[in-house]
Amino acid sequence: MDIIGLESSKSYERGRYGMYDIESVRKKLEELEREKDRIIEEFRKLEERRNSGAISEDEYRKERYRLERRAVEVMDRIAQLRFMAGYV
């Protein structure tokens, strides 16, 4: 497994894209899309907790920063995989 979590292929057999298995790229993309949706839902819940006063402004900022960092990481990986798979 490589740095972006994909199985690499030692050969360029039919059904393979470059050094990565197309199926592996597709599965990882699906996994990352689900992670993106989960992060978006966490943002919504965080906003609700903030608006209801359940968390302080400081706690809100810390959690929002953590979610933003994770969202950037996930979206970057999605962009990389889409490029590799020719989705651009």
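Note on numbering: residues in each chain are counted from 1, in written sequence order. Only residues with pLDDT of 70 or above have their local features reported here, since the model is predicted, and side-chain atom pairs are shown and tallied only from 80 upward, although totals for entire chains, interfaces and linings are computed over all residues. To get the side-chain values, all heavy atoms of the structure are used, and hydrogens and water are removed first.

Novice: Is there a simple way to think about the overall build of the protein chain in this case?
Specialist: Only DSSP runs of H or I with at least four residues qualify as helices, and only runs of E with at least two residues qualify as strands; both kinds are numbered from the N terminus onward. Looking only at helices and strands, the protein chain has 2 helices and 2 strands in total. Counting helices and strands in the order they occur from the N terminus, the protein chain gives β-β-α-α. Relative to all contacts within the protein chain whose residues are 6 or more apart in sequence, the contacts with residues 24 or more apart total 56%. For the protein chain, the exposed area adds up to about 6500 Å²; of that, 51% sits on carbon and sulfur atoms. The contact criterion used throughout is that any non-hydrogen atoms of two residues lie within 4.5 Å. For the area figures, the Shrake-Rupley method with a 1.4 Å probe applies, and any residue is considered shielded solely by the protein chains shown.

Novice: Please explain helix α1 (residues 22-51) as it appears in this structure.
Specialist: It helps to recall that an α-helix has 3.6 residues per turn; residues three or four apart then point in one direction. In this model α1 runs 44 Å from its N-terminal to its C-terminal C-alpha over 30 residues, within 8% of the 44 Å that 1.5 Å per residue would give. Exposure is judged per residue with a 1.4 Å probe applied to protein chains only, and the accessible area is read against the type maximum: over 50% gives exposed, under 20% gives buried, and values in between give partly exposed. Listing the buried residues of α1 in full gives S24, V25, K28, L29, L32, E33, E35, I39, F43 and L46. Where α1 terminates, the next one or two residues include G53, which has phi positive at roughly 80 degrees. One fewer than the residue count of a helix, multiplied by 1.5 Å, yields its expected span.

Novice: When you look at the packing of α1 against helix α2 (residues 57-85) in this model, what are you seeing that I'm missing?
Specialist: For any two helices packed against each other, one specifies the crossing angle of their axes together with the interaxial distance. Working convention: axes come from line fits to C-alpha atoms, limited for helices to the stretch in contact. Angles between N-to-C directions cover 0 to 180 degrees. For the pair α1 and α2, interaxial distance at closest approach is 9 Å and the crossing angle is 160 degrees. One element, α1, and the other, α2, form an angle in the roughly antiparallel class. Here α1 and α2 pass one another in a crossing that is left-handed. Working definition: roughly parallel below 35 degrees, roughly antiparallel above 145 degrees, roughly perpendicular at 65 to 115 degrees, and oblique for all remaining angles. Here a crossing is called left-handed whenever its near helix is offset anticlockwise from the far helix by less than a right angle, and right-handed whenever the offset is clockwise.

Novice: Looking at this model, I keep getting lost on the confidence of the model for the protein chain. Mind explaining?
Specialist: Low-confidence regions, as indicated by low pLDDT, have predicted coordinates that should not be scrutinised in detail. For every residue, the predictor reports its confidence as pLDDT, a number between 0 and 100. When pLDDT is averaged across the protein chain, the result is 82; 75% of the residues are at 70 or more. Ignoring residues within four places in sequence, the model shows residues 8-17, a span with pLDDT below 50, making 17 contacts including any to other chains.

Novice: So what exactly am I meant to see when it comes to the environment of R82 here?
Specialist: Note on placement: R82 falls in helix α2. Residue class for R82 comes out partly exposed when judged on its relative accessible area of 36%. Residues R82 and R26, spaced 56 residues apart in sequence, show a C-alpha to C-alpha distance of 9.0 Å. Among the polar contacts listed, one links the side chain of R82 to the side chain of E33, at a separation of 2.5 Å. We define a polar contact as two N or O atoms separated by no more than 3.5 Å, with the added condition that, inside protein, one atom must be a possible hydrogen donor and the other a possible acceptor, whereas residues neighbouring each other in sequence contribute only through side-chain atom pairs.

Novice: How do you make sense of the pattern of salt bridges when you look at a structure like this?
Specialist: Just to be clear on terms, a salt bridge is a Lys or Arg side-chain nitrogen sitting within 4 Å of an Asp or Glu carboxyl oxygen. Summed over all chains, the structure comprises 17 salt bridges. With a shortest N-O distance of 2.1 Å, R26 and E23 are connected by a salt bridge. Of this pair, R26 and E23 are both found in helix α1, 3 residues apart, which corresponds to roughly one turn of the helix. A salt bridge links E31 to K28, with the shortest nitrogen-to-oxygen separation between them at 3.1 Å.

Novice: Hey, could you run me through the side chain of K28 in this one?
Specialist: Turning to its location among the elements, K28 is positioned in helix α1. Among the polar contacts made by the side chain of K28, one reaches the side chain of E31 at a distance of 3.1 Å.

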